[in-house]
Amino acid sequence: MADFTLKVRRFLPESGEGPYWEQFDVDLDPTLSVLDGLLQAKDREDGSLAVRCSCRAAICGSCGMKINGQSGLGCKTQIGEAQEMADKQASATGKGAEGNSIVIEPMGNMPVIKDLVTDMESTHWAKIRRVTPWLLPHGEPPEREYVVEPESMIDVTQSMACIQCGACVSSCLSMEVDPDFIGPAALAKAYRFVGDPRDAETKERLHDLAHDPHGIYDCTHCFSCIDACPKGVAPMDQIMRLRRKAEENGVEDPNNGHNHMEAFTKIIEKKGTLDESLLLQESYAPGVKGKLKPTKGAIKGLLGSIPTGLRALRSGKVRSLGQMIPGVHHKLPGGAQDEVKAIYEHAEEHGEELNLYIKGEEGDEELGAGEETTEERPQ
Ligand code: FES
């Protein structure tokens with residue numbers, strides 16, 4: 001047994017007061033979970049402490065919360081590990097290396113109902129419904145079940161592992177800026193059906209998600225959802241799969257997201273660093289053999305982005321007006337740009353895919369598609 005201090009962000013709506021912090025001392029084995037600690041505090045100190053849970057085994061997805069600032073499941077986080085993290089964070093900020101409280105907060109990007117219980121309706125469930133989370137096959141249904149090759153489902157197994165806990169939504173930085181962003185959980189769910197060979201509305205689904213200004217091109221690749229997901233769903237990877245499928249299906253988008261993506265990869269391939277001003281120009285008016293071919297829409301888009309450029313200048317992201325000229329970009333030290341170019345080439349040649357159930361690379365005969373890892377199966 002060991003002593004831990006939980007610093008819990010509480011909110012009691014009936015009090016009429018704002019949120020406040022309260023500390024609870026708990027005494028339990030370090031291999032038990034943060035949720036166990038909270039339940040002990042609720043049992044021994046304050047029965048009004050609100051926390052949502054059910055299975056206590058990382059299956060039901062009820063106990064999403066922030067632990068030391070990181071979104072995850074209370075029942076899947078060992079309290080001893082949470083303490084180590086709290087100590088490490090305190091040490092990094094010069095507050096001392098040991099004996100720090102484990103900080104527990106409700107999930108982010110969601111209204112708080114009480115203490116650690118959040119309202120997931122508007123930020124999670126409404127968005128899940130938004131992506132039509134069921135199969136849309138054409139034609140008469142078969143007499144018995146739809147039969148598909150097991151291999152054809154491998155691509156969607158990762159998104160099927162989602163337990164709808166909302167940890168990815170809680171950590172999503174894009175959603176912090178744009179609360180209307182469909183979000184990582186719902187888009188991962190969308191890929192589950194886009195990638196399903198039985199679904200007949202693939203193109204319509206992709207068109208819908210690409211045309212929505214809060215859709216697949218609203219993700220900024222911050223990787224937070226990948227870090228937060230307790231089941232290895234890697235929602236950002238599913239969003240990238242949706243973008244690739246949109247491209248394969250010739251789905252254009254009015255948000256310029258596809259052009260932006262193309263411009264991004266083109267610049268990294270060519271320069272090994274991101275020239276933001278060139279990115280802006282190439283996103284709206286891709287140069288053809290070094291010559292600009294701006295359309296009316298491109299000119300309008302470029303002019304519309306002037307306020308963003310000025311904000312970048314004011315905030316110090318861009319240090320001088322000269323840096324705003326496309327193609328004028330400082331060199332990275334040493335051979336860093338060449339190294340980035342080499343990484344790009346390697347990724348292009350190997351087509352690596354991250355999937356919880358497949359290891360290895362495309363074309364790797366020893367670890368080809370269909371070989372399963374020992375990881376857990378989808379729910
Ligand atoms: Fe079910 Fe944590 S209580 S996932």
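Residues numbered from 1 in each chain as written. Predicted model: local features only at pLDDT ≥ 70, side-chain atom pairs only at ≥ 80, totals over all residues.

1. Re the overall build of the protein
Reasoning step 1: For the protein, the helix and strand inventory stands at 15 helices and seven strands.
Reasoning step 2: Considering only residue pairs separated by 6 or more positions, the protein has 64% of its internal contacts joining residues 24 or more positions apart. (Helix = DSSP H or I, 4+ residues; strand = E, 2+ residues; numbered from the N terminus. Contact = placed C-beta atoms within 7 Å.)

2. Thoughts on the packing of helix H7 (residues 184-194) against helix H8 (residues 202-211)
Reasoning step 1: The interhelical angle for the contact between H7 and H8, taken along N-to-C directions, is 160°, at an axis separation of 10 Å. By the criterion of interaxial angle, the relationship of H7 to H8 is roughly antiparallel. Relative to H8, the crossing made by H7 is left-handed. Between H7 and H8, the contacting residues are Ala190, Phe193 and Val194 on the first element and Thr202, Arg205, Leu206 and Leu209 on the second.
Reasoning step 2: For the contact of H7 with H8, the per-class residue count stands at five nonpolar, one polar and one charged. (Axes fitted to C-alpha atoms, helices over the stretch in contact; angles between N-to-C directions. Parallel < 35°, antiparallel > 145°, perpendicular 65-115°, else oblique. Left-handed = near helix turned anticlockwise from the far one by under 90°. Nonpolar A, V, L, I, M, F, W, Y, C, P; charged D, E, K, R; others polar.)

3. Description of the environment of glutamate 81
Reasoning step 1: Mapped onto the elements, glutamate 81 comes out in helix H2 (residues 79-92).
Reasoning step 2: Residue glutamate 81 is classed as partly exposed on the basis of its 16 C-beta neighbours within 10 Å.
Reasoning step 3: Each C-alpha atom of the pair glutamate 81 and leucine 32 lies 9.8 Å from the other, and the pair is 49 residues apart in sequence. (Buried ≥ 20, exposed ≤ 12 C-beta atoms within 10 Å, placed from the backbone.)

4. Considering the sheet that holds strand E3 (residues 64-67)
Reasoning step 1: The strand order across the open sheet built from five strands is E2-E1-E5-E3-E4, with neighbouring strands paired in mixed fashion. Every other strand in the sheet has two partners, leaving strand E2 (20-28) and strand E4 (70-73) as the edge strands with one partner each. Adjacent strand axes in the sheet meet at a mean angle of 35° when their direction is disregarded.
Reasoning step 2: Taken together, the four bridges between E3 and E4 define a ladder with antiparallel strand orientation. (Pairing = 2+ DSSP bridges.)

5. A closer look at the nonpolar core
Reasoning step 1: Core analysis: the largest hydrophobic core is formed by 66 residues, its most contacted members being Leu6, Ile102, Ile104, Leu187, Ala190, Ile216 and Leu242.
Reasoning step 2: Broken down by element, the residue count for this core peaks at eight residues, all from H7.
Reasoning step 3: Residues within four places of isoleucine 104 in sequence aside, it is in contact with Leu6, Lys7, Val8, Arg9, Val34, Leu38, Met65, Ile67 and Leu116. (Core = buried A, V, L, I, M, F, W, Y, C linked by C-beta atoms within 7 Å.)

6. Thoughts on H8
Reasoning step 1: Among all positions in H8, only Arg205, Leu206, Leu209 and Ala210 are buried. What you see down the axis of H8 is that its buried residues fit within an arc of 125°, all on one side.
Reasoning step 2: Of the surrounding secondary structure, the elements contacted by the buried residues of H8 are H7, helix H10 (235-248) and helix H11 (257-271). (Arc of directions from axis to C-beta.)

7. As for the environment of histidine 329
Reasoning step 1: Structurally, the position occupied by histidine 329 is in the loop between helix H14 (306-315) and helix H15 (336-350).
Reasoning step 2: Linking histidine 329 and leucine 278, residues 51 residues apart in sequence, is a C-alpha distance of 8.9 Å.

8. Observations concerning H7
Reasoning step 1: Burial of H7 is extensive: 11 of the 11 residues sit out of reach of the surface.
Reasoning step 2: Within the sequence span of H7, burial applies to Pro184, Ala185, Ala186, Leu187, Ala188, Lys189, Ala190, Tyr191, Arg192, Phe193 and Val194.
Reasoning step 3: Buried residues along H7 sit against helix H3 (121-130), helix H4 (154-160), helix H5 (167-171), H8, helix H9 (224-228) and H10.

9. With respect to the confidence of the model for the protein
Reasoning step 1: For the protein, the mean per-residue pLDDT works out to 88, and 90% of the residues sit at or above 70.
Reasoning step 2: In this model residues 365-379 is a low-confidence stretch, pLDDT under 50, and it forms 21 contacts with partners more than four residues away in sequence or in other chains. (pLDDT = per-residue confidence, 0-100.)

10. Quick look at the pairing of strand E5 (residues 102-105)
The side chains of a regular strand alternate between both faces of the sheet.
Reasoning step 1: Residues of E5 alternate between two faces, with Ile102 and Ile104 on one and Val103 and Glu105 on the opposite face, all of them buried.
Reasoning step 2: Examined bridge by bridge, strand E1 (residues 2-10) and E5 share three bridges and lie parallel to one another. Its bridge partner lying in E5, valine 8 is registered against isoleucine 104.
Reasoning step 3: Examined bridge by bridge, E3 and E5 share two bridges and lie antiparallel to one another. Residue lysine 66 lies in a different strand from E5, and its bridge partner there is glutamate 105.

11. Details of unusual backbone geometry
Reasoning step 1: Despite not being glycine, glutamine 164 has its phi angle at roughly 60°, a positive value.
Reasoning step 2: In this fold, glutamine 164 is placed in the loop between H4 and H5.
Reasoning step 3: With phi around 55°, histidine 221 is a residue other than glycine that occupies positive phi space.
Reasoning step 4: Inspection of the secondary structure assignment puts histidine 221 in the loop between H8 and H9.
Reasoning step 5: For histidine 221, a count of 12 C-beta atoms within 10 Å translates into the label exposed.

12. Looking at the packing of H11 against helix H12 (residues 276-284)
Reasoning step 1: Packing of H11 against H12 brings their axes to within 8 Å, and their N-to-C directions diverge by 135°. Judged by the angle between their axes, H11 and H12 are oblique. Crossing of H11 against H12: the hand is right-handed. Contact residues: Asn259, His260, Ala263, Phe264, Lys266 and Ile267 in H11; Leu278, Leu279, Glu282 and Ser283 in H12.

13. Observations concerning the environment of phenylalanine 11
Reasoning step 1: Looking at the secondary structure, you find phenylalanine 11 in the loop between E1 and E2.
Reasoning step 2: We classify phenylalanine 11 as partly exposed; it has 17 C-beta atoms within 10 Å.
Reasoning step 3: Not counting chain neighbours up to four residues away, the residues in contact with phenylalanine 11 comprise Pro19, Val112, Lys114 and Asp115.

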